[in-house]
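Results of the structural survey
Take a look at the letters that make up each chain.
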Amino acid sequence: MTEEQERRPETPAEANGATAVFVVLGKQLKLLRERAGLSQKEFGRLVGYGPDQISAMERGVRTPRPEFLDRADELLKADGLFREVIPQVEEAMTKARTRHPEWYRSYAGMEAEAVELHVYANQAIPGLLQTEDYARSVFGQRRPFLSEETIEKRVVDRLSRQQVFDRWPPPVVSYVLEEVLLDRPIGGPAVFRDQLRNLLRVGGLRNVEIQVMPIRCTEHPNLDSAFNLLVPKGYAQVAYLEAQGFPQLIHDGEEVRKIADRYGIMRAMALSPLESRSLIAQKLEEL
């Protein structure tokens, strides 16, 4: 089966008029950051972003938010270079077309504007929580194999979705992660250490709660596939799941209620967000 014939290909981000704006901004950002003697990690700490997010903005694959540009202008002594282009960036953002394939677009569009997002994961760290290197490792292990070009394009698309955390007002977000995910070092120790750090960083956001379902549980209400629950702006809650290449977006109220009920039970059984942070930190120290 060729890549074009895959049942659910994750095609690259579509070309659009906003691309050039973001690429130029990214180059300017990198130049001024390096001139200031700051690493991506150091600069990210100052503006409240992770190094992967800074890297994505410098490569033009992540849209810089107006408040980020304002702060960057101040920190990097850009003398208005970034502030002056905020109106153009906002206009470009409104013109940017979807970055996702047809089968995924309805969900991706709702996710980008959701007021609530709840995720249960049992195989790998969910996409919105993945670092760039972790995501690249996930796609690199895909069978059948993907070309290097396709892997890079899919990483770009995945990172672009993480802008949901930059929105204001922010969505209410929660995760239930099986503990086994914290013991599966996809990408190797170095990549996985950064991934665990990213879990701690995102879990520290006011609107995000990450809970771990401990392995020692003798009962479990969902011995089935992973799933997402989201509340689109102005609409009723929906569910989304994938199994072996078959995506399914569920609108039926009764079916969504059943999935939401299982999720609620799992949240009650899982470690609290504080206990979960402690466990993640412990796994990080042991790695």
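Quick look at the structure, then.

So, how was this worked out
- Per-chain numbering applies: the sequence of each chain, read as written, is numbered from 1 onward.
- Given that the model is predicted, a residue must reach a pLDDT of at least 70 before its local features are reported, and side-chain atom pairs must reach 80 or more before they are shown or counted; all residues, however, enter totals for whole chains, interfaces and linings.
- Water and hydrogen atoms play no part in the side-chain values, which are based on all heavy atoms of the structure.
- DSSP calls a pair of strands paired once it identifies at least 2 bridges connecting them.
- Helix and strand assignments come from DSSP, with helices taken as H or I runs of at least 4 residues and strands as E runs of at least 2, each series counted from the N terminus.
- Between N-to-C directions, angles span 0 to 180 degrees; the directions come from axes that are lines fitted to C-alpha atoms, helices contributing only their stretch in contact.
- By the convention used here, residues are in contact when the closest approach between their heavy atoms is within 4.5 Å.
- In the sections that follow, a salt bridge refers to a side-chain nitrogen of Lys or Arg positioned within 4 Å of a carboxyl oxygen of Asp or Glu.

A word on the sheet that holds strand β6 (residues 246–250). Pairing is mixed across the open sheet formed by 6 strands, whose spatial order is β3-β2-β1-β4-β5-β6. If you trace the sheet from one side to the other, it starts and ends with β3 (208–213) and β6, each paired once. Adjacent strand axes in the sheet meet at a mean angle of 10° when their direction is disregarded. As defined by bridge partners, strand β1 (residues 116–121) adjoins strand β2 (residues 172–178) across 6 bridges and the pair is classed as parallel. Paired with H118 across the strands is S174, a residue of β2. The strands touched by helix α10 (residues 253–269) within the sheet are β1, β2, β3, β4 (227–231), β5 (238–243) and β6, with β4 carrying the most contacts at an inclination of about 105°.

So, on to the pairing of β5. Judged from the 3 bridges that link them, β4 and β5 form a sheet pairing that is antiparallel. Note that in β5 the partner of L230 across the bridge is V238. Between β4 and β5, which follow one another and run antiparallel, lie 6 residues, and G234 among them has a positive phi close to 85°. In this structure, β5 lies alongside β6, joined through 5 bridges in antiparallel fashion. Across the sheet, the residue bridging to E242 is P247, located in β6.

Let us now look at the pattern of salt bridges. Applying the stated rule across the entire model yields 18 salt bridges. Residues E209 and R267 are paired through a salt bridge, measuring 2.5 Å at the closest nitrogen-oxygen approach. With E209 in strand β3 and R267 in helix α10, this residue pair connects regions lying 58 residues apart in the sequence. Taken together, the salt bridges that share partners define one network made up of R59, E132, D133, R136 and E152.

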